Amino acid sequence: MAKRKISIIGSTGSIGRQALEVLEKLQDKFEIIGLAGGSNIELLFEQAERFQPKYLCIGKPDKQTPDVRGKFDVLFGESGLEEICSNKENDIILVAVSGKIGLKPTLKAIENGIDIALANKETLVMAGDIVMKKAKENNVKVIPVDSEHCAIHQCIKDINQVEKLIITASGGPFLHKSVEDIKDATVEETLKHPRWNMGQKITVDSATLMNKGLEIIEAHHLFGFDYDKIEVVVHPQSIVHSAIEYKDGSVIAQLGVPSMHIPIQYAISYPERFEGIKSKSFSFSEIARLDFEKPDFEKFPFLNLAYNAGKQGGSATVVLNAANEEAVFAFLRGEIKLFDIYRITKNIYDSSEFIVEPSIDEILNIDEEIRQKTQALIKSYVTVQK
Ligand SMILES: NC(=O)c1ccc[n+]([C@@H]2O[C@H](COP(=O)([O-])OP(=O)(O)OC[C@H]3O[C@@H](n4cnc5c(N)ncnc54)[C@H](OP(=O)(O)O)[C@@H]3O)[C@@H](O)[C@H]2O)c1
């Protein structure tokens, strides 16, 4: 069988590195066409030496960027990402960049009829209506990499018979801590996720449960379900990755050890399944217990805000995403406290006006405006705290 041709944008990140571990095991099944990273150029070159892609893109070049022209076909910046994603040599693109930078390259791939393995949730949170409509028009598959959506994708046989989606949440590092305990949580404590080893931004979002909020919005776009048919349940062991309930009351769940290798491998190999990087065999008898509980909407108010923004639709989710992302970066820089992330995001959300059906240009403009507005608000928090 011919090898499947793949490019990875965001190959130097947590998902990208794990994808290359998967691909290392599946060298007879895949050919790597392009790799793209942001500013970790040393690692990107190491990956290029090892996997010999045809194209390499340095997303965030600077003066220190060594000249490797001649050795690889090197592209630069956002246009380079778009060029890799437009290249019809690809059968599939793994979109593993973080943040809004994923949106335009994903659209380029879709316009060129190339299937997408989508890790970058911001693409759907910002422009899910446009992206999914274009995918349908171009007969392109958008296969989720996020473990919860990958689980749902695996459970669904006939989507018309499904009553609701049940998304599990580990609850993050502060699940059973009181508000008092976590109000002064440090960056280090917040980044200690009990189950998953991920990039910093998503790890902070997991601690505030904003990640689950973004996933609700992602699920709405991927599977076309109304928000009141998408339920969140806390499941600290992260063994049940998500579930669906059929109209007759039957519940189908997908289980496995918490590892991103499996959903990454599933997404890039779909509809086939390969042994690849299979983790150790799953054993029910080794699992002492599986716990489930309702999320605490008061301690984790981002969940309600995400449901509201999702139901509002249009540019509301763009505002939510941009304000949260800027506030998370400020928290990671040590400028604000953990709870300020929500306070700042809510303040920006409540003081913004929304557009019902924004175009991609409008989405990107709103995103930029909200980021500036949020940065200004963050400055006032920093001044007060000094
Ligand atoms: N990690 C997980 O387990 C997980 C699970 C589900 C979904 N996701 C989603 O997957 C995405 C990636 O998450 P992650 O945890 O892998 O993040 P990460 O570790 O922070 O990696 C982000 C990647 O994006 C690249 N990047 C950032 N800006 C770029 C630019 N302007 N041009 C080109 N590349 C750029 C980074 O490059 P440099 O490092 O070289 O700068 C890096 O390769 C996020 O949307 C996240 O929500 C992640």
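Each value, and the rule that gives it
Residues numbered from 1 in each chain as written. Predicted model: local features only at pLDDT ≥ 70, side-chain atom pairs only at ≥ 80, totals over all residues. Helix = DSSP H or I, 4+ residues; strand = E, 2+ residues; numbered from the N terminus. Rg over C-alpha atoms; globule rule 2.2 N^0.38 Å. Buried ≥ 20, exposed ≤ 12 C-beta atoms within 10 Å, placed from the backbone. Contact = placed C-beta atoms within 7 Å. Near = placed C-beta within 6 Å. Nonpolar A, V, L, I, M, F, W, Y, C, P; charged D, E, K, R; others polar. Domains from an automatic or database assignment. Axes fitted to C-alpha atoms, helices over the stretch in contact; angles between N-to-C directions. Parallel < 35°, antiparallel > 145°, perpendicular 65-115°, else oblique. Expected span 1.5 Å × (residues − 1). Bend = angle between axes of the 7 residues up to and from the residue. Core = buried A, V, L, I, M, F, W, Y, C linked by C-beta atoms within 7 Å. Pairing = 2+ DSSP bridges. Left-handed = near helix turned anticlockwise from the far one by under 90°.

1. Section: the overall build of the protein chain
Right, so step 1: When you go through the protein chain residue by residue, the secondary structure sums to 15 helices and 11 strands.
Right, so step 2: A compact globule built from 386 residues should have a C-alpha radius of gyration of about 21 Å, and the protein chain, at 20 Å, falls within 12% of that.
Right, so step 3: Seen through its C-alpha atoms, the protein chain measures out along the principal axes to roughly 55 × 55 × 40 Å.
Right, so step 4: A buried classification covers 45% of the 386 residues belonging to the protein chain.
Right, so step 5: Taking the contacts inside the protein chain whose residues are at least 6 apart along the sequence as the reference set, 69% of them involve residues at least 24 apart.

2. As for the site of the ligand
Right, so step 1: Around the ligand, the structure places 28 residues, and the nearest of them are G13, G38, G59, M198 and G199.
Right, so step 2: Going through the elements one at a time, α1 (14-25), β2 (30-37) and α5 (121-137) are the ones with two or more residues in the shell around the ligand.
Right, so step 3: The element contributing the most residues to the shell around the ligand is α1, with three residues.
Right, so step 4: Classifying every residue of the shell around the ligand gives 11 nonpolar, 13 polar and four charged.
Right, so step 5: Both domain 1 (4-145) and domain 2 (147-259 + 280-302) contribute no fewer than three residues apiece to the shell around the ligand.

3. Notes on the packing of helix α4 (residues 103-111) against α5
Right, so step 1: It is at 11 Å that the axes of α4 and α5 come closest, and there the two elements cross at 10°. By the criterion of interaxial angle, the relationship of α4 to α5 is roughly parallel. Along the contact surface, α4 presents L103, T106, L107, I110 and E111, while α5 presents T123, M126, A127, V131, K134 and A135.
Right, so step 2: Residue classes in the contact of α4 with α5 are distributed as seven nonpolar, two polar and two charged.

4. Here's the deal with α5
Right, so step 1: Relative to the 24 Å expected for 17 residues at 1.5 Å per residue, α5 spans just 21 Å between its end C-alpha atoms, considerably shorter than the ideal helical length.
Right, so step 2: Its axis deflected by about 105° at A127, α5 carries its strongest bend there.
Right, so step 3: For α5, every residue scored as buried is listed here: K121, E122, T123, L124, V125, M126, A127, G128, I130, V131 and A135.
Right, so step 4: Where α5 ends, the next residue or the one after it, N139, has phi of about 55°, a positive value.

5. Re the nonpolar core
It is characteristic of soluble globular proteins that their nonpolar side chains tend to be buried jointly.
Right, so step 1: If you look at the biggest cluster of nonpolar residues, it comprises 104 residues, and the most contacted ones within it are I9, L94, I116 and A306.
Right, so step 2: Looking at this core element by element, the count peaks at 11 residues for helix α13 (residues 316-332).
Right, so step 3: Setting aside chain neighbours within four positions, we find I9 in contact with A36, L81, I84, C85, I93, V95, A96, V97 and P105.

6. Overview of the sheet that holds strand β6 (residues 115-118)
Right, so step 1: In spatial order, the strands read β4-β3-β2-β1-β5-β6-β7; together these seven strands make up an open sheet with parallel pairing. Edge positions in the sheet fall to β4 (73-76) and β7 (142-144), since each has one partner strand and no second. Between one strand axis and the next, the sheet turns through 20° on average, direction left out of account.
Right, so step 2: Sheet topology places strand β5 (residues 92-95) next to β6; four bridges connect them, and they run parallel. Bridged to L94 within β6 is A117.

7. Some words on the domain arrangement of the protein chain
Right, so step 1: The domain architecture assigned to the protein chain consists of domain 1 (4-145), domain 2 (147-259 + 280-302) and domain 3 (313-386).
Right, so step 2: Between domain 1 and domain 2, the C-alpha centre-to-centre distance is 26 Å.
Right, so step 3: Counting residues at the interface gives 12 residues for domain 1, matched by 13 residues for domain 2.
Right, so step 4: Looking at the side of domain 1 that touches domain 2, the elements that each hand over two or more residues are α5 and β7.
Right, so step 5: It is α5 that contributes the most residues to the side of domain 1 that touches domain 2, five residues altogether.
Right, so step 6: Here the residues of the side of domain 1 that touches domain 2 sort into seven nonpolar, four polar and one charged.

8. Observations regarding the sheet that holds strand β8 (residues 162-169)
Right, so step 1: Taken in spatial order, the four strands of this open sheet run β9-β8-β10-β11, and their pairing is mixed. In the strand order of this sheet, the two ends are held by β9 (230-234) and β11 (251-255), each with one partner. This sheet shows a mean twist of 20° between the axes of neighbouring strands, independent of strand direction.
Right, so step 2: Packed onto the sheet, helix α10 (residues 210-223) meets β8 and β9 and runs at close to 150° relative to β8.

9. Some points on the packing of α1 against helix α11 (residues 261-269)
Right, so step 1: Running from N to C, α1 and α11 cross one another at 70°; their axes reach a closest spacing of 9 Å. Between α1 and α11, the crossing angle belongs to the class labelled roughly perpendicular. Crossing handedness for the pair α1 and α11: right-handed. Packed against α1, whose contacting residues are I15, Q18, A19, E21 and V22, the element α11 presents H261, I264 and Q265 at the interface.
Right, so step 2: A class-by-class count of the residues in the contact of α1 with α11 yields four nonpolar, three polar and one charged.

10. Digging into α13
Right, so step 1: Here α13 contains 17 residues, and its C-alpha end-to-end distance of 24 Å stays within 8% of the 24 Å for a straight helix at 1.5 Å per residue.
Right, so step 2: Most of α13 sits out of view: 16 of its 17 residues are buried.
Right, so step 3: Positive phi shows up at G334, right after α13, with a value of about 80°.

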